[in-house]
Amino acid sequence: MASSSSRSYKDKDAGVVLSFNGQWVSWSHTVAASLAFLSALVIGSALHYHKIVQNEWYGYPQEWFPSVSATIGDRYPERSIFMLFIAITSGPRFALVGLWYLLTAKPGRTLPKLIGWSGIIRTLTCGGWTYITSTDDHDWHDILMISYIVFTIPWTTGCIALSPPNAKAIKYRKYIAGAFFGTLVPLVYFFIQHKVHRVAGAYTIYAFFEWALIVLDVSFDAVTALDFDSLEITIRDVKGTSKGVNHSSVPTAVLEKEKEQATGGVYSAGFRFGEFLDIAADVYHGFVFWSILTSLGVVIWYFPLWHMGISGYEALVMTTISPFLLAIRPLRSFIVSNQRITHLLSLAGLLAYLVKDPVYRLFTVGFGVSMGCLSWAATWYSDSVQPTRLEARILAWTIGLLMSSVAKFAWYTNNPIWPIMHAENGGWNATGLFLAILAALRFTRRGPHQGGNTTEKKSGSSVLSAIGIGGLFFGLHSLLSDTSTMILWVWDGYPIRGPVSNVHGWYTIAATTAGILIGVLRPGFATSWTAYGLGCIGAAYLTLYEQWRGYYGGLTLATYLMAIAVPMIGNAAKKSPAATFGLGFLIYNFLVLFHVWVVAYAFVPGGPLVREHTDWIMITMMLALGIGLFDLISQQAKNNSSSKKKVGVIRPVNTHHRKYHFGVLGVLNLLFLSANFLRFPTNDYKPYHAKDRLFTAGIWTIHFSLDNDMWSSEYRMRDLIKEMEVDVIGLLESDLQRVIMGNRDTTQFLAEDLGMYVDYGPGPNKHTWGAALLSKFPIVNSTHHLLPSPVGELAPAIHATLDIYGTLVDVFVFHSGQEEDPEDRRLQSEYLSKLMGSTNRPSVLLSYLVTEPLKGNYNTYVSDVSGMHDVDKTDWDRWCEYILFKGLRRTGYARVSRSTITDTELQVAKFVVPNSEEDSKFAWGVPEDVRDRRVEEHEVPEGWRFPRMFRGEGVRGHRYHVFDEPRYYNF
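Residues numbered from 1 in each chain as written. Predicted model: local features only at pLDDT ≥ 70, side-chain atom pairs only at ≥ 80, totals over all residues. Heavy atoms only, no water.

*Asks:* I'm lost on the overall build of the protein chain in this one. Help?
*Replies:* The secondary structure content of the protein chain amounts to 31 helices and 18 strands. Taken over the C-alpha trace, the protein chain has a radius of gyration of 32 Å; the compact-globule value for 971 residues is 30 Å, and the two agree within 12%. Once the C-alpha set of the protein chain is aligned to its principal axes, its extents read approximately 110 × 80 × 45 Å. By residue count, 58% of the 971 residues in the protein chain fall in the buried class. At a minimum sequence separation of 6, the contacts of the protein chain that also span at least 24 residues come to 76%. Across the protein chain, 83 positive and 81 negative side-chain charges occur, with their mean positions spaced 12 Å apart. (Helix = DSSP H or I, 4+ residues; strand = E, 2+ residues; numbered from the N terminus. Rg over C-alpha atoms; globule rule 2.2 N^0.38 Å. Buried < 20%, exposed > 50% of the residue type's maximum accessible area, 1.4 Å probe, protein only. Contact = heavy atoms within 4.5 Å. Lys, Arg positive; Asp, Glu negative; His and termini not counted. Charge placed at Lys NZ, Arg CZ, Asp CG, Glu CD.)

Take a look at the structure:
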């Protein structure tokens, strides 16, 4: 029996004593939730208005409307009243979730159960972040908040998909859900404006969008009242809605189609856990391939790094051409028929972390790469006769690359299963290997669709296809294996005018995700010359422009590379695997070496011919893609001509697998955004000795973050920098954004873990070995310089202005050219001397000069032109690292041994910033004998002293050396 009244008594013989309409569950939930937030806003504004509109940068009147978190936060009584109403809301909330499940559940359907559980978890996490504020426990508050947002997505989309045939309810849910997710974009934008750019008033606008999310969230659940009016709490379906009876004037088929369109058809087919495991295993196996491939360059790089030139081990880059072995028919037949063996053997690349000797570790990784390339080529070839399975394999491989980028972002650009990682520096090698074995076994549980002796179809040119594959593989690896690569291409210093790695990295993930979707859902467009033209324009913009314009070009190129991957690999798989993938990887190797030659030109044969020509690399890559596209389109034209209809490269009949792949894409995007949220910069960094107006500056050549034993060295560097209480540090040999170096960025981890601002320095497309600046103090402005280098390697420099205790101080970070090029070094010394002399502010130079003290170019750096003074001119045992200064009180100087982290020591000096105009005049004009007067440690204040833990034998191989103790000065 249906009833529109709130409650009615039933005849006891019917077994019903009391009943009320189900819509009252919705209304009670809506009222209680609304009162919770509204009461907190009204009471908070009445009692603590100026406090709750205040944030870390601004208060009233710049900020005049409170955020949700500030309103419901820590103040009495609004917090208590809010929690009371939230507790009241919990009962109707659980009832609402339960009624929704009962309304939508049908025999044999899994989706209502999944949505029901997501609703329960969402409710619990809501209670978590509302009852545990950021003041109580910041980490758990953030974790529960992120979890709530994550589970809102399946709840929202699932409710739309499961909506009973009620046209009004479906319409409201679509509009409200669209508004909710649309509001997230300006919400994030204005949060970045507030948090990163410190724009006055931005937080107030952010607060409006935050409150809008609350309103939309509550409103979405309020729509259930339109569906629950068919229920009486007995609980019984009194209108047959749960059985799919359509009471609407709109036909059921129309409504079902509308729901399918609103949810992208993700829920239109049944969910099978076995199929989900298959796809998850495939994607993880693709992730493992990319993890092993991207690690090869890092372990190869270790050897020329220590040999200071070509070592011979570079030859192992050619392990990728193993698909050439498939030209041998008996061997191809064996490999195709026994793919499980080769795929499992490829996991040697993950086992390599157990091999301590660097040489043997390199060969182990090389073997893993060889088996991986061979296995995937054989898999694509054997599955090429079954378009659905081939598409699934290619999707697993491309989404595996995206997963690798997500993992690297979460681990600060290191991959947790690389062989340069282990437990001591954050590696998850054992866990990754265990999952990789399970994934490989499931990936290979089905037999091949064709044997190895099948004659390849005459479908276009294998050579042209191979050229396209080489360009594609290189583009994916060099630009998309890390989300910060293209961002650092367009980085140009402070003030920030472009994207930042730990804020905007998701844009790259979004572009690659869009590319995959286009390649699968719109292959006709992906394989068109129009799309190729857009990709070329994107490549040109990325190469030629900085800041946002260059990055937009990079995003366009990223989208195109991922879009063309599925059809181009699918086309290549139909031909000889030895030709398409063997030759393809050979061309990829050529581009990788070309990619290194443009910066390592001073150390390699023929290097000067390609010096600084990243533009040539980009042109070559795009031409290779164009050649591959020409072959693909030509084959399409032949197929069209023969069949008199359009024939795509891949036309799978069964696309059931796509919903799982797209689901994995969604999960990976959510995981990235969660990591992004946790890595969001706080920009509230504190120096170690603020009360003394003192800062410690250091210079360190970090040898590309690989220690003497081939382990990633970020953690060890972090420990020493923290224990030495360094406030400002210049890092040299810091540009790792190349294939051969793993596309890494050490500065991200150091800056975020140590709480410092960072200037990466000249980007990877500027062809230097890198110079970076980390600072506890805000970087007001910075410019990048490439000093004259007519013969040898380019000499990078950073000129930054820091706000140190309210005084503008200039800091220069510089890496001079090599010893073999004296004319380069002379020109560089003149350039930098004039640059330092151009400022009348207090200054510090953190540098690598390649000169003896008091001789040659030293007297150009330390001169009347520059105005700079040596930190200790009596320190005769120097050749590379130097610290110079002017306009500051130098109070201490120390040299700390490197242990096995790198090949160069850490040099540090302490400076006091003048506190008055009189102090400043004295610091600028003090006589040399007074300025260089040394004193004992007990004669300087406690806050001026270096840590005692590095005296004597020191710790972990670090100690004060050369002088065996720090030197102090006091004037």
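Moving on, there is more to tell.
*Asks:* Explain the side chain of threonine 125 to me, please; I cannot follow it from the model alone.
*Replies:* Of note, threonine 125 is situated in helix H4 (residues 111-131). Residue classification places threonine 125 among the buried residues on the basis of a relative accessible area of 9%. With residues near it in sequence (within four places) discarded, threonine 125 still touches Leu144, Ser147 and Tyr148.

*Asks:* Just to check I follow, could you spell out the pairing of strand S15 (residues 889-896) for this structure?
*Replies:* Across a regular strand the side chains alternate sides, sitting on one face of the sheet and then on the other. The element S15 is largely enclosed, with a buried count of seven among its eight residues. Relative to strand S16 (residues 906-912), S15 is paired through seven bridges, and the arrangement is antiparallel. Paired with arginine 895 across the strands is glutamine 907, a residue of S16. (Pairing = 2+ DSSP bridges.)

*Asks:* Would you explain a nonpolar patch on the surface in this entry?
*Replies:* Residues Phe525, Leu534, Ile537, Tyr541, Leu544 and Tyr545 make up a contiguous nonpolar surface patch of about 570 Å² in total accessible area. Looking at the nonpolar patch, the element that brings in the most residues is helix H21 (residues 529-544), giving four residues. In this structure, isoleucine 537 sits in helix H21. (Patch = residues over 30% accessible without salt bridge, like charges linked within 9 Å, V, L, I, M, F, W, Y side chains within 5 Å. Areas by Shrake-Rupley, 256 points an atom, 1.4 Å probe, with all protein chains shown as cover. Salt bridge = Lys/Arg side-chain N within 4 Å of Asp/Glu carboxyl O.)

*Asks:* Explanation requested: the packing of helix H10 (residues 273-307) against helix H25 (residues 657-678) in the structure shown.
*Replies:* Working note: a packed helix pair is described by the angle between its axes plus the distance between those axes. Their axes nearest at 10 Å, the elements H10 and H25 cross at an angle of 55 degrees. Between H10 and H25, the angle is such that the two are oblique. You can see that H10 and H25 cross each other, and the crossing is right-handed. Of the residues in H25, those touching H10 at Glu275, Phe276, Ile279 and Val283 are His657, Tyr660, His661 and Val664. Its residues assigned to classes, the contact of H10 with H25 comprises five nonpolar, two polar and one charged. (Axes fitted to C-alpha atoms, helices over the stretch in contact; angles between N-to-C directions. Parallel < 35°, antiparallel > 145°, perpendicular 65-115°, else oblique. Left-handed = near helix turned anticlockwise from the far one by under 90°. Nonpolar A, V, L, I, M, F, W, Y, C, P; charged D, E, K, R; others polar.)

*Asks:* Would you take a moment to explain the packing of helix H6 (residues 167-195) against helix H7 (residues 202-222) for this structure?
*Replies:* In contact at an axis separation of 8 Å, H6 and H7 are set at 160 degrees when each is read in the N-to-C sense. Between H6 and H7, the angle is such that the two are roughly antiparallel. The two elements H6 and H7 cross, and the hand of that crossing is left-handed. Residues belonging to the contact of H6 with H7 are distributed by class as follows: 18 nonpolar, four polar and three charged.

*Asks:* Hey, could you run me through the nonpolar core in this one?
*Replies:* What tends to happen in soluble globular proteins is that the nonpolar side chains get buried as a cluster. Residues Trp380, Leu472, Phe473 and Leu479 are the most contacted members of the largest nonpolar core, which totals 125 residues. The biggest single contributor to this core is H10, with 18 residues. With near-sequence residues (within four places) excluded, phenylalanine 473 lies in contact with Trp380, Trp397, Ile569, Phe581, Phe585 and Tyr588. If you look at the next biggest cluster of nonpolar residues, it comprises 38 residues, including Tyr494, Tyr757, Tyr805 and Val844. (Core = buried A, V, L, I, M, F, W, Y, C linked by side-chain atoms within 4.5 Å.)

*Asks:* Is there a simple way to think about the state of the cysteines in this case?
*Replies:* Among covalent bonds in proteins, the disulfide is the one between the sulfur atoms of two cysteines. Counted according to the given criterion, the structure contains zero disulfides. Residue cysteine 126 stays outside any disulfide, its sulfur separated by 15 Å from that of cysteine 159, the closest cysteine. The class of cysteine 126 is buried, set by a relative accessible area of 19%. By relative accessible area, which is 2% here, cysteine 159 ends up buried. (Disulfide = S-S within 2.5 Å.)

*Asks:* Would you take a moment to explain the sheet that holds strand S9 (residues 779-787) for this structure?
*Replies:* Strand-to-strand pairing in sheets goes through backbone hydrogen bonds, with the strands running parallel or antiparallel. Read from one edge of the open sheet, six strands run S9-S10-S11-S12-S14-S13, paired in mixed fashion. Looking at which strands have only one partner, the edges of the open sheet turn out to be S9 and strand S13 (869-870). Sheet topology note: the strand S11 (residues 807-815)/strand S12 (residues 843-848) ladder contains six bridges and is parallel. Opposite histidine 815, over in S12, you have tyrosine 848 as the bridge partner. Sheet strands touched by helix H28 (residues 822-837): S9, strand S10 (795-804), S11, S12 and strand S14 (881-886). Its angle to S9, the strand with the most contacts, is close to 160 degrees.

*Asks:* Whenever I open this one, the pattern of salt bridges confuses me. Can you help?
*Replies:* Two side chains with opposite charge may pair up if their charged atoms get near one another. Under the counting rule described, the total for this entry stands at 40 salt bridges. Note that arginine 841 is salt-bridged to aspartate 810, the shortest N-O span being 2.9 Å. Linking arginine 841 in the loop between H28 and S12 with aspartate 810 in strand S11, this pair joins segments that are 31 residues apart in sequence. Glutamate 937 is the partner of arginine 948 in a salt bridge, and the nearest nitrogen-oxygen pair spans 2.9 Å. Note that arginine 948 is positioned in the loop between strand S17 (934-935) and strand S18 (967-969) and glutamate 937 in the loop between S17 and S18, a separation of eleven residues in sequence. Salt bridges sharing common partners tie together Asp870, Asp875, Arg878, Arg895 and Glu905.

*Asks:* Looking at this structure, how should I read the sheet that holds S18?
*Replies:* The sheet built from eight strands is open, its strands ordered S7-S8-S6-S5-S16-S15-S18-S17 with mixed pairing. With one partner strand each, in any of the chains shown, strand S7 (757-759) and S17 form the two edges of the open sheet. Where strand S5 (residues 694-701) lies against S16, seven bridges are found, and the strand directions are antiparallel. Pairing of threonine 696 across the sheet is with lysine 910, part of S16.

*Asks:* How should I be thinking about the packing of aromatic side chains in this particular structure?
*Replies:* In this description, a pair of aromatic rings is defined by centroid distance and the angle of the planes. Counting across every chain of the model gives 55 aromatic pairs. Here the aromatic rings of phenylalanine 190 and phenylalanine 209 are separated by 5.9 Å at their centres, their planes lie at 15 degrees, and the arrangement is stacked. Of this pair, phenylalanine 190 sits in helix H6 while phenylalanine 209 sits in helix H7; the two residues are 19 residues apart in sequence, bridging distant segments of the chain. Overall, the relative accessible area of 19% leaves phenylalanine 190 in the buried class. Classification of phenylalanine 209 as partly exposed rests on a relative accessible area of 24%. (Phe/Tyr/Trp six-rings, centres within 6.5 Å; stacked < 30°, edge-to-face > 60°.)

*Asks:* Explanation requested: the pairing of S10 in the structure shown.
*Replies:* Most of S10 sits inside the fold, with nine of its ten residues counted as buried. Examined bridge by bridge, S9 and S10 share eight bridges and lie antiparallel to one another. In the sheet register, isoleucine 779 faces S10, and the bridge partner there is leucine 802. Summarising the sheet, S10 and S11 pair through eight bridges and their orientation is antiparallel. Considered in S11, the bridge of threonine 801 is made with aspartate 810. Where S10 folds back on S11, the antiparallel hairpin that results is connected by two residues, among which tyrosine 805 adopts a positive phi of roughly 55 degrees.

*Asks:* Looking at this structure, how should I read unusual backbone geometry?
*Replies:* Excluding glycine, most residues fall at negative phi; most peptide bonds, likewise, are trans. At the junction of tyrosine 60 and proline 61, the peptide bond is cis and its omega measures out at 10 degrees in the coordinates. Inspection of the secondary structure assignment puts proline 61 in the loop between helix H1 (23-52) and helix H2 (68-71). Proline 495 follows tyrosine 494 through a cis peptide bond whose omega is -5 degrees. Along the chain, the position of proline 495 falls in the loop between helix H18 (485-489) and helix H19 (501-521). The residue valine 850 is not glycine, and still its phi comes out positive at about 55 degrees. If you trace the backbone, valine 850 turns up in the loop between S12 and helix H29 (858-861). On the basis of relative accessibility, which here comes to 4%, the residue valine 850 falls in the buried class. Residue leucine 854 is not a glycine yet carries a positive backbone phi of 70 degrees.

*Asks:* Would you explain helix H23 (residues 577-597) in this entry?
*Replies:* Note that an α-helix has 3.6 residues per turn; residues three or four places apart therefore point the same way. For H23, with 21 residues, the first-to-last C-alpha span of 29 Å sits near the 30 Å given by 1.5 Å per residue. Counting buried positions along H23 gives 15 out of 21 residues, so the element sits mostly inside the fold. (Expected span 1.5 Å × (residues − 1).)

*Asks:* What is the right way to read the side chain of threonine 902 from this model?
*Replies:* Relative to the helices and strands, threonine 902 resides in the loop between S15 and S16. Take threonine 902: its relative accessible area is 0%, and that puts it in the buried class. A polar contact of 2.9 Å, which involves the side chain of threonine 902, links it to the backbone oxygen of threonine 701. Not counting chain neighbours up to four residues away, the residues in contact with threonine 902 comprise Trp306, Trp700, Thr701, Ile702, His703 and Asn708. (Polar contact = N/O pair within 3.5 Å; in protein donor to acceptor, adjacent residues only side chain to side chain.)

*Asks:* Got a minute to help me understand helix H27 (residues 746-754) in this structure?
*Replies:* Counting buried residues along H27, seven of its nine residues qualify, which places the element largely inside the surrounding structure. Taken together, the buried positions of H27 are Thr746, Thr747, Gln748, Phe749, Leu750, Ala751 and Leu754. Looking at the buried side of H27, the elements it contacts are H19, helix H26 (714-723), strand S6 (728-732), S7 and strand S8 (771-775). Immediately beyond the C-terminal end of H27, within one or two residues, lies glycine 755, with a positive phi of roughly 70 degrees.

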